[in-house]
Every structure is written in C-alpha cells, then in structure tokens.
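# Results of the structural survey
Listed here are the chains, written in short residue letters.
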Amino acid sequence: MSKTIIKKIDKDISVTLFMSEGLAPDKVKLGREFKHLLKEYKTLSSKSFSINTVIPNNEEKEALAIQYGINPIAQEFTERNIVKIQNVYFGAVIQIDNKKEAINIFPNTALEYEVTRRLKEACDTTKPTIGFLLGHHEISRKKMQQITGELSHSANIESLYIDQFTDLNEYKVICLVGPKEPFSQEEIIRLNQYLEQGGRLYIALNHAVGQMSFNQNNGFINRVGIEDMLEDFGLKINYDFVVDSDCGRIRVTQDQGFVQFQTDIPFPYIPIIRNFSSHVITKGLNAISLQFASSITNVKTTSAYTYTPLAKSSSVSGIQNVPVFFNINKTWTPKHDFNRPNNTVAALLSNEDNNSAIVVITDADFMEDRSFDSFFLSNTNFAVNSIEWLADDSGLIKLRNKYIVNQTLEVVSDSYRRFLKYSNFFLPILLVLLIGLYQYRQYKMKTAWQSRLLQENYRLQLMPRLLSALQNRVQRETHRLELLAQRVDSASPEKLLKKGYSLTLLDGKVVTDASQLKPGDEVETRLAKGKFRSKVINK
C-alpha cells in the first residue's frame, strides 16, 4: 500500500523532523524508527525526497515548531534528585508542493499510517464524502469532534437528511449515530436503495437505554425501525442488556448516619469490551467502554450479506432481558448473572454482490468526546477504523493498527480472582515461614557441627595429656609389680631352705606344731638339698 502511493506521487517531498534534546529513551527510539521509515520512502520515491532534522533549542525554533503545528509535550526529568518538568517537541512536518501537514508523534502513533495517509491526500484529487444523518434526534457532531476531526483528514464530513433533495449516492458512507425517533417506511426504502447501489452504513444505536435518577431507575429498549432492516440482512439486535464482570464504575451517594459520601462502585451494565476479532477494523484495539448495550445474533435469511462478529463481551458476562431494573446494591454472581459469555455487541454485514457493507454496534454514547479518557482511547479508534474502512477501498486502514498489539489482560472469573487474592496474601507468609525454617535448620546444623568440632578439638588437645598420664601409670604399676615380685621371691620356701631352715611333712602336710606328732609317726624332712625320713620316738 505505502509503496504504491509513494510511487504515484509526482511532486517533491520534504520532511522536517523536530526532536528536542533530552527526550525520553522511548521517544529517541521512536525517532530512530521514524527516520528509518522515511529513508525507505526516499528510496521508493521517483522525485526529490528531503529529510531534515531541527533541534528546537531556542525560542525561534520552538516558535517555528508551534507554527507548523508541532505542540510541546510535558516531560519529567530528574536533576539533583529533584523532579522537574520541561516542554519538549517531537513531531514532523510533511510538505508536498505548498501543502504542509504536521504529525505529532506519540508512543502509540502508527507512523507508517500517518505518513502514507498524508501522501495519499496529496496525490488524491478528491476525497470521499462521509455523511452524518440528522432528523431523528441523533447525537450531534459537536459532541463527536475527536472522531470527526480524525475523519476529516481523509474525507469530507457533512450532515444530511433523507429527503427528496438529497442524493444518498453522493456519500461514500452514511453514519447513523444514536437516533432516538423512528425512521419512516420511506426512509428505510431509501436506505435499502442506497445499499443496493453499493452504499455503506455505519450504525451505532442506543438500542438499550438506561434511566438512572431519583425518580427512575430502569432500562428499556428504544426501537427506531432500523432493527427490522438489519434482521432481514441476517443481523438481529436482541431485546436485552449485556452485563459483564469486566465493567465500568459509577459514582453513587451513600448515607452513613448523618454523613453522606460518594463512592465508585462497579456497574456491570457498562461493559468494557476487550474481546475483538482479527478483522482489520478491530485489530490491535485495546478496549472500548459501552454505556448500555444489547447482544447481537446471526439469523438465517436469504440475504446475500455475510455476518462477521467484531466485538464480544468477556467470558464472564451475561444478558438481562427487558424490563430491567437497576439495583446498585445487587450482589452479582457468575452462576446466576454472568452465565452467558461472549455476547456479540458489534458486527459487520458485507455483500460482495454489490460491494455494500454495514457496521453495527449497539451503543452510540461511547462515541461522544466525554466518554474518552487515557485508558479507553480505543473508543475513538473503533469508530474511526470502522468508518474509514467503509470509506476507503485502497486498504490504507490496514496500516493504522499494523504495529499495535493488544496488551490487555484476559478477564478471569471471580473464583480465580479469589484464588489470586488469597495466594497473594498467604503465599508471602508461607515463603517467609519456609525460609525461616530453612535458616533455623541451617543454624542448628551449623551449631551442631561447631559443637562437634569443639569436642573433637578438645579431644585432640587432651590426647597428649592422656598419653602422658597413661605412661606414668604404667611406670608406677611396673614398679609396684617389681616390688611385689621381690616380696614374693623373698617369701619363697626355697629361699628359706637355703638359709638353713627345713620343712617337716606328715602325710604330705606341713607340720608347724609338735603337738601334731605322736611317737611312732614317720615324717619327711626337706632341706635345701635333699630330703630324708625319720620316725618319732619320743616328744
């Protein structure tokens, strides 16, 4: 797509990039990518393609950037541990002939889309016309300036009525945004004829209407007659309200004694849609917030239109059939309230026979400027993508979300949320206990090893002393044994016999007293050398 457009341009192109010094790293990286992209365009261009870089480091260059439409961006930086804010400039000006277009570059800017879109505008002699229908109390274009501002870059934006003076075929796309009053049968016929000629419709209906006030607190269905036409093509808008656990919040006033205070509570009737198809319209979208929506189903018809769902509610969602009464104190449960997941809230009808197409979404309030904040930027993108896709046959819309990746988290059930909640509470405690137990065991083991080491060290120190004491004991016992041996030896009978003593035995027993003998007894006398026998004659 980009290659085809750049080759068609027969005029000189000049691109001036404004980049302040001290940009954040992500902006510096984006600047390098932008320069690389411009060099690719330059190699493909058959005409002069100049690339210049300006550093707005003085008042004159800053004024030039503002003059071209490059707005300053507030950026935080730290100096001597003090956080300060400075204005930086980061954008580009594309000049083709005498026409200049500014691109303010942000982290989510689709660079190739922005550059190619401006190049396409330069080589296209006419722009398609997009009409916003009036006459049924539709939402005013003044309330959708962000969307119409984006569309005005590539199309002429007009308001129209379906009357005898209006040729609907002059409009590439007709947008029906939030009609409150019903369409006449003649208007429905005119829209059908427009589609038969290859016309394209963008339809955003406030089909489900919620009333929340002191007097009313209910929801109803507002039929405008377009629903029957869509059902004939195979798309049925149901008489229900989609509810989702992934939802927006409302502020309510509550009484506590004599004190009133305001608090934000979840309100499932404001579904946050994150479940998108892979169609080029919804590719890369982050989330859109709808203020009351009805479900869409595909019905069988003989129509040549092909039905394609574009956006669905989460896996924890459901529907409530009308009549609906809002209860802000209601306790919502998956079993009873969110028991019908993935409800279609936006769909595409396309007819290859006549090249007509219809994008339908069952909420229109999401397109108002007041609905946008920094998180729900995809509200704008969904509407702009849908209308640009319907208006553009060149495929330029494919570049808008080419490098955008949906980074949102998948919606989880209440049970899983409780699991995560208690896991986050108890898991750190359990980890602290386990770490404490491990460290206690390590301490005990270390203490035990230290005690064992001290004991072994003491035993090793005590061993020489034990050996010395043992040696002394052995010496003493040896000396004592020697003394005993001497005493035993000195008391030996043989020693006594050698000294002249003799030993008298009677019947083998030693005689120690003469009264033991009587005349006639034979005794044996032992000497140191030899022995003899004798007989007692008298005593």
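Predicted, not measured: the structure shown is a model, and the values here were computed from it.

Thresholds applied
- Residues numbered from 1 in each chain as written.
- Predicted model: local features only at pLDDT ≥ 70, side-chain atom pairs only at ≥ 80, totals over all residues.
- Heavy atoms only, no water.
- Helix = DSSP H or I, 4+ residues; strand = E, 2+ residues; numbered from the N terminus.
- Rg over C-alpha atoms; globule rule 2.2 N^0.38 Å.
- Buried < 20%, exposed > 50% of the residue type's maximum accessible area, 1.4 Å probe, protein only.
- Contact = heavy atoms within 4.5 Å.
- Areas by Shrake-Rupley, 256 points an atom, 1.4 Å probe, with all protein chains shown as cover.
- Pairing = 2+ DSSP bridges.
- Axes fitted to C-alpha atoms, helices over the stretch in contact; angles between N-to-C directions.
- Core = buried A, V, L, I, M, F, W, Y, C linked by side-chain atoms within 4.5 Å.
- Patch = residues over 30% accessible without salt bridge, like charges linked within 9 Å, V, L, I, M, F, W, Y side chains within 5 Å.
- Salt bridge = Lys/Arg side-chain N within 4 Å of Asp/Glu carboxyl O.
- Polar contact = N/O pair within 3.5 Å; in protein donor to acceptor, adjacent residues only side chain to side chain.
- Phe/Tyr/Trp six-rings, centres within 6.5 Å; stacked < 30°, edge-to-face > 60°.
- Lys NZ or Arg CZ within 6 Å of the ring centre and 35° of its normal.
- Expected span 1.5 Å × (residues − 1).
- pLDDT = per-residue confidence, 0-100.

Bringing the overall build of the chain into the picture now. When helices and strands are tallied, the chain shows 10 helices and 28 strands. For the chain, the C-alpha radius of gyration of 53 Å lies well beyond 24 Å, the compact-globule estimate for 539 residues. C-alpha extents for the chain along the principal axes are approximately 190 × 65 × 60 Å. Put simply, the chain has 539 residues, and 40% of those count as buried. Here the analysis covers contacts within the chain between residues at least 6 apart in sequence; of these, 69% occur between residues at least 24 apart. On the chain, roughly 32,300 Å² of surface is accessible, and the fraction owed to carbon and sulfur atoms is 52%.

Attention shifts here to the sheet that holds strand β2 (residues 49-54). Here we have four strands laid out as an open sheet, ordered β2-β1-β5-β6, and mixed in their pairing. What marks the edges here is a single partner per strand, and that holds for β2 and β6 (99-104). Geometrically, the sheet is characterised by an average inter-axis angle of 15 degrees between neighbouring strands, direction not taken into account. Packing of helix α3 (residues 59-68) onto the sheet brings it into contact with β1 (13-19), β2, β5 (90-96) and β6, and relative to β1 it is tilted by some 125 degrees.

Below, the discussion takes up the nonpolar core. Counting residues in hydrophobic clusters, the biggest one holds 40 residues, and the most contacted among them are Ile130, Phe132, Val177, Tyr202, Ile361, Met367 and Phe382. Of all the elements in the fold, those that place two or more residues in this core are β7 (129-133), α5 (145-151), β9 (173-177), β10 (200-204), β20 (306-312), β23 (344-351), β24 (356-361) and α8 (378-391). No other element matches the seven residues that α8 contributes to this core. One finds Leu160, Leu195, Leu230 and Phe233 within the second-largest nonpolar core, a separate group that totals 29 residues.

Our focus in this paragraph is a nonpolar patch on the surface. On the surface, a nonpolar cluster with roughly 550 Å² of combined accessible area is contributed by Tyr422, Phe425, Phe426, Ile429 and Leu433. Looking at Ile429, the relative accessible area reads 41%, which means it is partly exposed.

When you line up the elements, Ser295 lands in the loop between β18 (288-289) and β19 (296-298). Overall, Ser295 belongs to the buried group, its relative accessible area being 1%. In terms of polar contacts, Ser295 uses its side chain to reach the side chain of Asn238, at 2.9 Å.

Okay, the sheet that holds strand β27 (residues 522-526) next. Spatially, the four strands line up as an open sheet ordered β26-β25-β27-β28, and their pairing is antiparallel. The open sheet is flanked by β26 (509-510) and β28 (531-535), the only strands paired with a single partner.

Counted under the stated rule, the structure contains 15 aromatic pairs. With a centroid separation of 4.5 Å and an interplanar angle of 40 degrees, the aromatic rings of Phe233 and Tyr305 are classed as tilted. One end of the pair, Phe233, is in the loop between α7 (226-232) and β13 (235-237); the other, Tyr305, is in the loop between β19 and β20, with 72 residues separating them in the sequence. Like Phe233, the residue Tyr305 is buried in the burial classification. With centroids separated by 6.3 Å and ring planes inclined at 90 degrees, the aromatic side chains of Phe267 and Phe292 adopt a geometry described as edge-to-face. Linking Phe267 in strand β16 (residues 259-273) with Phe292 in the loop between β18 and β19, this pair joins segments that are 25 residues apart in sequence. Each member of the pair, Phe267 as well as Phe292, carries the same accessibility label: buried. These aromatic residues form a ring-pair network of at least three members: Phe241, Phe267, Tyr269, Phe292, Phe326, Trp332 and Phe338. The residue whose ring lies beneath Arg200 is Trp389, and the NZ or CZ to ring-centre distance is 5.5 Å.

Between its first and last C-alpha, α8 extends 19 Å over 14 residues, near the 20 Å set by a 1.5 Å rise per residue. When you tally the buried positions in α8, you get 13 out of 14 residues, the bulk of the element.

This paragraph deals with the confidence of the model for the chain. Per-residue confidence for the chain averages 87 on the pLDDT scale, and 93% of its residues sit at or above 70. Confidence drops under a pLDDT of 50 for residues 404-408, and excluding neighbours within four residues, the segment shows seven contacts in the predicted structure.

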